[in-house]
Amino acid sequence: MPGFELFGDLEKKEVNDVLENGVLMRYGFDGMRNGHWKAKELEKALESTFQVNHAQLVSSGTAAISVALAAAGVGAGDEVILPTFTFVASFEAVMMLGAIPILVDIDDTLTLSPKAVESAVTQKTKAVMVVHMCGSMGHIDALKDICNKHNLLLIEDACQAIGATYKSKPLGSIGDLGCFSFDFVKTITCGEGGAVITNNDGYYLNSDHYSDHGHDHAGNDRGAEAHPLLGYNFRISELHAAVGLAQIKRLPEILKIQKLNYTILREALSQIPTVSFRTVPEGGEENYSFLNFFLPDLERSLKVSEAFKTQGVDACFQYYNNNWHYIRKWNHLKELKSLYPIPAEVKTGLEYLKTKEFPQSDHYIGRNISCLIKLSWTEAEVKARASKMVEIIKSVL
Ligand SMILES: *Cc1c(COP(=O)(O)O)cnc(C)c1O
């Protein structure tokens, strides 16, 4: 998933184009910009890549989630169902709007278990946010059915899954709204940046307005624009958009390299009978940014992960004790370590986290190892890595 690996002349050319032209902001300055609209151009490219009617660029993936939720009217007191395995941005964005994150178990897809979602639905539930972790997806049809049955929004956090598809549709384009991140470690990067995509005209207009202080962006005189809505500043700059514009042209090449490297590693690990792989629903195609596999139990998974580290197999993660991505170590959330008072309704809504356990999530995350697929590896390096991994796993099992 390494945006930091593949950039150079294309990106420099686009960024220099912005610097030489002199307009660093995406809105306004129409008279000075000589037809340079990098953010708009990148939005068009995203619409075509994801086959959707609308893309709205914003300043980060976290901003994209915040804007998507706000655009769809999620706010005070609403419950949003999220997986226990995600990035902290998921619940941060929900809580910033005064809504309540309801964390539920994952299954062997490493994302939301439809059963767990169904049993968490209450009168207050407004949205289900599926997080396509490590480049693959959950049981999307089942999740969609639940959302339709209970009249809930389906929001896709596809920050880690650019380029993956389900039944030939790009992830992010299937739910009501999809969110992407272009931070420095994602598959393609703007340095910092993100996007909301949707086919819904209303959600798009809301995203466009909300991410820029509620400006209506009507006409070509920014000074004369109205503020029909309250908003905030989640804008991307032209410089960041310029980097992204070069990066999106590289996407097919990046996906191709990821798949090649992933396949070599997977074929090697497949020869060990006690290793199994993350379930990818039928009709799903990963973006191959990570190879996720399971060992028989937590103890051996921790041992293998430790041996990878000490024996130089880098870029592999065991999330059980990780405090960025897995609920066990989110004490800052469980203890509500906040700089400012949290609304009483949210506090009450989060009481469940003091006692609730997630044995099913522990079962999968405890046994999982997740290996980042890099673009810079040569074929010989991937093969050497594969043999080393097999050797280490066999020595521990
Ligand atoms: C990276 C990431 C985000 C946040 O994106 P930023 O651009 O870093 O704010 C949100 N969700 C997931 C799953 C991510 O991996």
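Sequence positions are assigned chain by chain, starting from 1 and proceeding in written order. The predicted nature of this model means local features are confined to residues of pLDDT at least 70 and side-chain atom pairs, given and counted, to a pLDDT of 80 or more, with totals for whole chains, interfaces and linings taken over all residues. Derived side-chain values reflect all non-hydrogen atoms in the structure, with water molecules and hydrogen atoms excluded from consideration.

In the annotation of an unreviewed UniProt entry, the entry for the chain reads DegT/DnrJ/EryC1/StrS family aminotransferase, and the organism field reads Mariniflexile litorale. UniProt positions are given in the numbering used here, feature names are shortened, and annotations may be inferred rather than shown by experiment. Looking at the chain in UniProt, the text filed under Sequence similarities (unreviewed entry) is "Belongs to the DegT/DnrJ/EryC1 family."

Visitor: I'd love a proper account of the state of the cysteines, names of residues and values included.
Guide: Put plainly, two cysteines are in a disulfide when a covalent bond ties their sulfur atoms together. Only a pair of cysteine sulfur atoms within 2.5 Å qualifies as a disulfide here. Applying the stated rule across the entire model yields 1 disulfide. With its sulfur 2.4 Å from that of its partner, C316 forms a disulfide with C371. Where C316 bonds to C371 through sulfur, the torsion about that S-S bond is close to 105°, and the disulfide is right-handed. Here the residue C316 occupies a position in strand β13 (residues 316–317), and C371 occupies one in strand β14 (residues 368–372), the gap between them amounting to 55 residues. Judged by its relative accessible area of 11%, C316 falls in the buried class. Since its relative accessible area comes to 1%, C371 is described here as buried. Counting from the N terminus, the helices are the DSSP runs of H or I reaching at least four residues and the strands are the DSSP runs of E reaching at least two. Note on classification: 1.4 Å probe, protein chains only; a residue is buried when its accessible area is under 20% of the maximum for its type, exposed when over 50%, partly exposed between these limits.

Visitor: Break down the packing of helix α2 (residues 38–50) against helix α8 (residues 238–270) for me, citing the residues and quoting the values.
Guide: α8 packs onto α2 with a crossing angle of 30° between their chain directions and a minimal axis gap of 8 Å. Looking at the two axes, α2 sits roughly parallel to α8. Considering the relative orientation of α2 and α8, their crossing is left-handed. For the pair α2 and α8, the contacting residues are K38, A39, E41, L42, A45, L46 and T49 in the first and E238, A241, A242, G244, L245, I248 and L251 in the second. In the contact of α2 with α8, the residues fall into 9 nonpolar, 2 polar and 3 charged. In this description, a line fitted to the C-alpha atoms serves as the axis of each element, helices being fitted only across the stretch in contact, and the angle between N-to-C directions of two axes falls anywhere from 0 to 180 degrees. Any angle from 65 to 115 degrees is called roughly perpendicular, while one under 35 is roughly parallel, one over 145 is roughly antiparallel, and all others are oblique. Each crossing is labelled by how the near helix is turned from the far one, with a counterclockwise turn of less than a right angle marking it left-handed and a clockwise turn marking it right-handed. Contacts are assigned to residue pairs that have any heavy atoms within 4.5 Å of one another. When residues are sorted by character, Ala, Val, Leu, Ile, Met, Phe, Trp, Tyr, Cys and Pro go into the nonpolar class, Asp, Glu, Lys and Arg into the charged class, and all the rest, Gly among them, into the polar class.

Visitor: Please provide a residue-by-residue account of the site of the ligand, values included.
Guide: The nearness test applies per residue and asks whether one of its heavy atoms lies within 4 Å of the molecule or strand. Taken together, 15 residues lie near the ligand, and G61, T62, S181, D183 and K186 sit nearest. At 2.7 Å from a nitrogen atom of the ligand is found a side-chain nitrogen or oxygen belonging to D157. N or O atoms within 3.5 Å of each other form a polar contact, as long as, within protein, one can give a hydrogen and the other can take it, and as long as residues adjacent in sequence are counted only when both atoms are side-chain atoms. A distance of 3.2 Å separates an oxygen atom of the ligand from a polar atom in the side chain of K186. Computed with a 1.4 Å probe, the accessible areas rest on the Shrake-Rupley method; for each residue, only the protein chains presented here act as cover. Contact with the protein chains removes 93% of the 380 Å² of surface that the ligand exposes when unbound. Among the elements that line the shell around the ligand, the one with the most residues is helix α3 (residues 61–71), at 3 residues. Looking at side-chain class alone, the shell around the ligand contains 6 nonpolar, 6 polar and 3 charged residues.

Visitor: Describe α3, listing the residues and the values that go with them.
Guide: One turn of the α-helix equals 3.6 residues, which is why residues spaced by three or four share an orientation. Along α3, 9 of the 11 residues are buried, which leaves the element largely enclosed by surrounding structure. Those residues of α3 lying buried are G61, A63, A64, I65, S66, V67, A68, L69 and A71. Where α3 begins, one side-chain oxygen reaches toward the backbone nitrogen of T62, 3.3 Å away; that side chain belongs to S60. Directly after α3, the chain includes G73, whose backbone phi takes a positive value near 85°.

Visitor: I'd like to hear about the domain arrangement of the chain, residue by residue, with values.
Guide: Buried accessible area, meaning the area lost when the parts come together, often serves as the stated size of an interface. Domain annotation of the chain identifies domain 1 (3–250) and domain 2 (252–325 + 360–396). For domain 1 versus domain 2, the separation of C-alpha centres amounts to 28 Å. Contacts between the two partners involve 36 residues from domain 1, matched on the other side by 32 residues from domain 2. Summed over both partners, the interface of domain 1 with domain 2 buries about 2800 Å², with 56% contributed by carbon and sulfur atoms. Buried area: the accessible area, evaluated with a 1.4 Å probe, that two parts lose upon being put together, summed over both parts. The largest per-residue losses of area from domain 1 upon contact with domain 2 belong to E5, D108 and C134, which jointly make up 21% of the total buried on that side. Salt-bridge detection follows one rule: a side-chain nitrogen of Lys or Arg within 4 Å of a carboxyl oxygen of Asp or Glu. Between domain 1 and domain 2 we count 0 salt bridges in total. Take the side of domain 1 that touches domain 2: its biggest share by element is 3 residues, from α8. Across the side of domain 1 that touches domain 2, the residue classes break down as 15 nonpolar, 14 polar and 7 charged. All domain edges in this entry derive from an automatic or database-based domain assignment.

Visitor: With reference to specific residues and values, describe the sheet that holds strand β6 (residues 165–166).
Guide: We treat two strands as partners when DSSP finds at least two bridges between them. If you walk across this open sheet you meet the 3 strands as β7-β6-β11, and the pairing is antiparallel. Of all strands in the sheet, those with a lone pairing partner are β7 (169–170) and β11 (284–285), marking the two edges.

Visitor: If you had to explain the pattern of salt bridges to someone new, which residues and values would you point to?
Guide: What the rule picks out here adds up to 22 salt bridges. The closest approach of N and O atoms between E14 and K38, which form a salt bridge, is 2.7 Å. One end of the pair, E14, is in helix α1 (residues 9–21); the other, K38, is in helix α2, with 24 residues separating them in the sequence. For E43, the salt bridge identified is with R26, shortest N-O distance 2.7 Å. Here the residue E43 occupies a position in helix α2, and R26 occupies one in the loop between α1 and α2, the gap between them amounting to 17 residues. On the basis of relative accessible area, E43 is assigned to the buried category, the value being 6%. Judged by relative accessible area, which is 4%, R26 ranks as buried.

Visitor: An account of the side chain of E47 is needed here, citing residue identities and associated values.
Guide: Along the polypeptide, E47 turns up in helix α2. Given the relative accessible area of 13%, E47 is considered buried. With residues near it in sequence (within four places) discarded, E47 still touches V52, N53, H54 and A55.

Visitor: Break down α8 for me, with residues and values.
Guide: Here a helix's expected span is defined as the number of its residues, less one, multiplied by 1.5 Å. Between its first and last C-alpha atoms α8 spans 45 Å; for 33 residues at 1.5 Å apiece the expected length is 48 Å, and the two agree. Of all the bends in α8, the greatest, near 45°, is centred on R250, and the proline P252 appears no more than four residues after it. Its side-chain oxygen placed 3.3 Å from the backbone nitrogen of L239, S237 serves as the N-cap of α8. One fitted axis covers the seven residues ending at a residue, a second covers the seven starting there, and the bend at that residue is the angle between these axes.

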